[in-house]
Each structure stands twice: as structure tokens, then as C-alpha cells.
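Coordinates in review
One-letter residues, chain by chain:
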Amino acid sequence: MNIIKVLFLIALVGHILCGICDCLMTYVPGGKKFDIKQMSDNSKMAEVFKDMPLRNITASILLGVAALFMILGGYYGIYLWMRDYSSTSSKLILIGAALFVTFGIAHHVFCGVAEWFYVRFGMTEDALKGVLEFFKATASTMIICYIGMAVAGGALFISIVTGKTPLPAWSCIFNVIPLTLVFTPLRIGGTGNWCGAIMFAALLILC
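About the thresholds
Here the residue numbers are simple positions, counted from 1 along each chain's written sequence. Given that this is a predicted model, residues contribute local features only at a pLDDT of at least 70 and side-chain atom pairs are listed and counted only at 80 or more, while totals for whole chains, interfaces and linings are drawn from all residues. Processing note: side-chain calculations cover all non-hydrogen atoms of the structure and skip hydrogens and water entirely. For the purposes of this entry, the term helix denotes a DSSP run of H or I that reaches at least four residues, the term strand denotes a run of E that reaches at least two, and both are numbered from the N terminus. Only heavy atoms matter for contacts: two residues are in contact if any of them lie within 4.5 Å across the pair. Pairing of aromatic rings covers Phe, Tyr and Trp, the last counted by its six-membered ring, and requires centre-to-centre distances within 6.5 Å; plane angles under 30 degrees mean stacked, over 60 mean edge-to-face, and any other angle means tilted. Think of it in three bands: residues with accessible area under 20% of the maximum for their type are buried, residues over 50% are exposed, and the middle band is partly exposed, with areas taken using a 1.4 Å probe on protein chains only. Nonpolar core, defined: a set of buried Ala, Val, Leu, Ile, Met, Phe, Trp, Tyr and Cys residues in which side-chain atoms within 4.5 Å join the residues together.

Glancing now at the side chain of asparagine 42. Within the fold, asparagine 42 resides in helix H2 (residues 42-49). Once you skip the residues sitting within four places of it in the chain, asparagine 42 turns out to touch Tyr118, Met123, Thr124, Glu125 and Leu128.

Below you can see the structure in the form of C-alpha cells.
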């Protein structure tokens, strides 16, 4: 197994770990699930999070940061692999990945911190107002994170479809962008990470 495939494997594991981290913040013991729509009604939010252990949120924050660095390694692997086929695409993938992971780490930490303080301070109306204000103030991290993912994923997708790589055109479906579009309506916790894991598993097999 060469270094590029090792990096793909590391990113595959990283996406799985990050998906687990997302689930730690999305699913509450007792079968309850957080939905962003609940943020408009504190009574619903409080009902969902009343049994949320703070240790779950803390573990999600810390493990998620490590997992995202593992994912960055995988995108660097794509950059190394793509350099032989397209200098422009490889550079776009590297730039997109840097934005995705750098701002993704900030976004992940901010989400975890907001949830931790909401639970810690009693899930009150004031706590929710503070969380909403915090999310609005830090929304740029989420936006830039997803822009970076779109740039990196889009560059890889186009390169495969246009035949710049030796991969068959049909393999473009194993890309984080089309996979996310397919699975997002299912509202599964950690959707983006499960899609990323599928993409790197496919690259590990096909490259």
C-alpha cells in the first residue's frame, strides 16, 4: 500500500470518527434526536437535551478536532494523486480542503461549545437566545467550511467526469457532493461524514 492509499485510509477512519462525533451531539440517550428546527421553540429543545450528558459533547468536540486533521490528510492524498493528471485541479483540491478543514474545525468546536453551555446553564430561554446569537456571530465558519468542501469535491468530480484521471466516469458518483445531495433528505446525523467515508473508501479501492 503506497502513501497515497495510506492517507485515504486515514481519512476514511477520520470521517467515521467525525460522524460518530456528530452523532454524539445529535442523538441524546433515550432515543431523542436534535433537529435544527427545534431551535425556534425552547420547550422542544429543552425536552430533547434534558438527558444529554456533558461528557458526550466534550468527547465530540475533542475527538472531532483530531478526526478533521485525519480527514485533511486524505485530501492531501487526493492532491498528491491528482498532481499527475491536472495541476489546476490538484491545487483547487488542496485550497478547498484547507478551507474545509480549517473552518470546519472552528465550526465543529463552536457547535459543541454552544451545545455544552446550553445544557450546562439549564436549557433556559436565555441560554437558547445566547446560543442563537453565538451561531449568528460565527456562521461564517460554517459557510466557508462548506465552500471549501464544494471546491475540493467539485474539482475532483469535474476531473473524473471530463476524463482527466484514469478513473471511469461513473466513479464520479462516489464523491462527497452528489452523495450529500442524495443522503441529506434522510436527515441522518453526521451525513456529510458518512458521505466522505464512502468517497475515500471508493478512492482506496479504485485508485
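Right, let's get into the packing of aromatic side chains. One pass over the full model with this rule turns up 11 aromatic pairs. Geometrically, the ring pair formed by phenylalanine 110 and phenylalanine 134 is edge-to-face, given 5.5 Å between the ring centres and 85° between the ring planes. Residue phenylalanine 110 is located in helix H4 (residues 87-120), and its partner phenylalanine 134 is located in helix H5 (residues 125-137); the two are separated by 24 residues in the primary sequence. Phenylalanine 110 sits in the partly exposed class, given a relative accessible area of 26%.

With that settled, consider the nonpolar core. If you look at the biggest cluster of nonpolar residues, it comprises 36 residues, and the most contacted ones within it are Tyr75, Ile78, Leu156, Met199, Phe200 and Leu203. Looking at this core, the elements that each hand over two or more residues are helix H1 (3-26), helix H3 (54-82), H4, helix H6 (139-161), helix H7 (176-183) and helix H8 (191-206). Looking at this core element by element, the count peaks at 9 residues for H3. One finds Met39, Ala46, Phe49 and Tyr118 within the second-largest nonpolar core, a separate group that totals 19 residues.

Another point: unusual backbone geometry. Phi at methionine 123 takes a positive value of approximately 55°, unusual for a residue other than glycine. Looking at the secondary structure, you find methionine 123 in the loop between H4 and H5. Of the residues examined, methionine 123 reaches a relative accessible area of 15% and is grouped as buried. Its identity is not glycine, yet arginine 187 carries a phi of approximately 55°, on the positive side. With respect to the helices and strands, the residue arginine 187 is situated in the loop between H7 and H8. Overall, the relative accessible area of 46% leaves arginine 187 in the partly exposed class.

Just geometry here; none of it tells us what the structure is for.
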